[in-house]
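The residues making up each chain are set out below.
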Amino acid sequence: MRLMCECHSEKIRMAFFIFVRFMKKIELIKGDITRIKADAIVNAANSSLMGGGGVDGAIHRAGGAAILEECREIIARQGSCKTGEAVITTAGNLPAKFVIHTVGPVWNNGKKNEASLLAACYKNSLTLAVTHNLSSIAFPNISTGIYGYPKDEAAEIAIATVTEFLDQNELITKVYFVCFDEENYQLYKSLIKD
Ligand code: AR6
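Source: prediction; values computed, not measured. The numbers attached to residues start from 1 for each chain and follow its sequence in the written order. Local features are withheld for residues below a pLDDT of 70 in this predicted model, meaning they are given only at 70 or higher, and side-chain atom pairs are given and counted only at 80 or more; totals for whole chains, interfaces and linings count all residues. The side-chain quantities take in all heavy atoms of the structure and omit both hydrogens and water.

Quick notes on the pattern of salt bridges
At step 1: Each salt bridge in this description consists of a side-chain nitrogen of Lys or Arg and a carboxyl oxygen of Asp or Glu lying within 4 Å of one another. Evaluation of the coordinates by the stated rule reveals five salt bridges.
At step 2: Note that Lys30 and Glu182 form a salt bridge whose closest N and O atoms lie 3.2 Å from each other. Here the residue Lys30 occupies a position in strand E1 (residues 26-30), and Glu182 occupies one in helix H6 (residues 182-193), the gap between them amounting to 152 residues.
At step 3: Residue burial is assigned from relative accessible area. The probe radius is 1.4 Å, only protein chains are included, and a residue is buried under 20% of its type maximum, exposed over 50%, and partly exposed in between. Judged by its relative accessible area of 40%, Glu182 falls in the partly exposed class.
At step 4: Each of Lys151, Asp181 and Glu183 takes part in one network of salt bridges that share partners. Secondary structure elements are taken from DSSP: a helix is a run of H or I of four residues or more, a strand is a run of E of two residues or more, and numbering for both begins at the N terminus.

As for the site of the ligand
At step 1: Around the ligand, the surrounding shell holds 22 residues, and the nearest of these are Asn46, Gly53, Val55, Asp56 and Ile146.
At step 2: The contact in question runs from a nitrogen atom of the ligand to an N or O atom on the backbone of Ile33, over 3.0 Å.
At step 3: Polar contacts here mean pairs of N or O atoms no more than 3.5 Å apart (in protein, one a potential hydrogen donor and the other a potential acceptor; neighbouring residues in sequence count only if both atoms are side-chain atoms). Contact between the ligand and Ser143: an oxygen atom at 2.8 Å from a main-chain N or O atom of the residue.
At step 4: Grid points spaced at 1 Å over the protein atoms alone were grouped into cavities, where a 1.4 Å probe fits but cannot get out, and pockets, open sets with protein on both sides within 12 Å along at least five of seven lines, with lining residues defined by an atom within 4 Å of a point. By definition, a pocket or cavity contains a molecule when more than half of the molecule's atoms lie within 2 Å of the pocket's grid points. Cavity membership is defined here by more than half of the atoms lying within 2 Å of grid points; on that basis the ligand lies in the largest pocket.
At step 5: Looking at the shell around the ligand, the elements that each hand over two or more residues are strand E2 (40-45) and helix H2 (54-63).
At step 6: Counting residues per element, the shell around the ligand draws most heavily on H2, at four residues.
At step 7: In this classification, Asp, Glu, Lys and Arg are treated as charged, Ala, Val, Leu, Ile, Met, Phe, Trp, Tyr, Cys and Pro as nonpolar, and every other residue, Gly included, as polar. Classifying every residue of the shell around the ligand by side-chain character gives eight nonpolar, eleven polar and three charged. Think of it this way: one heavy atom of a residue within 4 Å of a molecule or strand is enough to make that residue near it.

Quick look at H2
At step 1: Buried residues of H2: Asp56, Gly57, Ala58, Ile59, His60 and Gly63, and no others.
At step 2: Residues count as neighbours in contact if any of their non-hydrogen atoms are within 4.5 Å of one another. Structurally, H2 contributes buried residues whose contacts are with E2, helix H3 (65-78) and strand E4 (98-103).
At step 3: In the stretch just after H2, Gly64 is the one whose phi turns positive, near 90 degrees.

Overview of the sheet that holds E2
At step 1: Should DSSP find at least two bridges between two strands, the strands are taken to pair. The strand order E1-E6-E5-E2-E4-E3 describes an open sheet built from six strands, whose pairing is mixed. The strands lining the two open edges of the sheet, one partner per strand, are E1 and strand E3 (86-90). Taken over all neighbouring pairs, the strand axes of this sheet differ in orientation by 25 degrees on average, direction set aside.
At step 2: Relative to E4, E2 runs parallel, the two sharing six bridges. Bridge pairing in E4 places Ala45 opposite Val103. The angle between two axes is taken between their N-to-C directions and runs from 0 to 180 degrees, where each axis is a line fitted to C-alpha atoms and a helix contributes only its stretch in contact.

Function cannot be read off these values alone, since they describe shape.
Written out as structure tokens, the structure is:
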């Protein structure tokens, strides 16, 4: 595992203690996030919000044109969605009620503030869910595909950030981590078991 700054590692350790208390609120699923019936599913989008490959492509394909239409309106209103930020749209034909689109960081050998930006994706998505009175949310493994973020570090950040958020907010009662690939699934499984 790569070296992380000490305060960041300490933060992660603390979060794991808190994590135990939230085991029931966190569920690990192996599969396709477009099939998940949660209040919101999170999309690992890009700044244009115009769709792409990976989970982004799958969500737009399965959700239909309504999602892209709302993304266009958002871009017209506020301009591009910056890395670490999140926006919300309808979920179109998906079983979920909403899609929260967040833009993960592109991995750049850890030199471009990637860890904070990735944590911001999870935190801002959860905050957006709370402001819309949503209580369940499903996350893919943001940035770990096309954007190349090391999966082990990304999993630690995802779990630590979600855990910390759940400690401070009562409204979210269920968070699903949906792993599409076996490597991420095994990583999450081992971290959640610890
Ligand atoms: N359900 C759940 N997870 C999935 C699915 C799915 N249907 N399909 C892929 N994954 P990626 P990124 C996992 O590349 O790295 C797009 O073009 C996949 O195994 O989708 O954040 C966007 O438009 C991986 O673990 O997103 C951006 O340009 C995880 O989703 C760029 O890719 C994220 O992989 C974003 O790259």
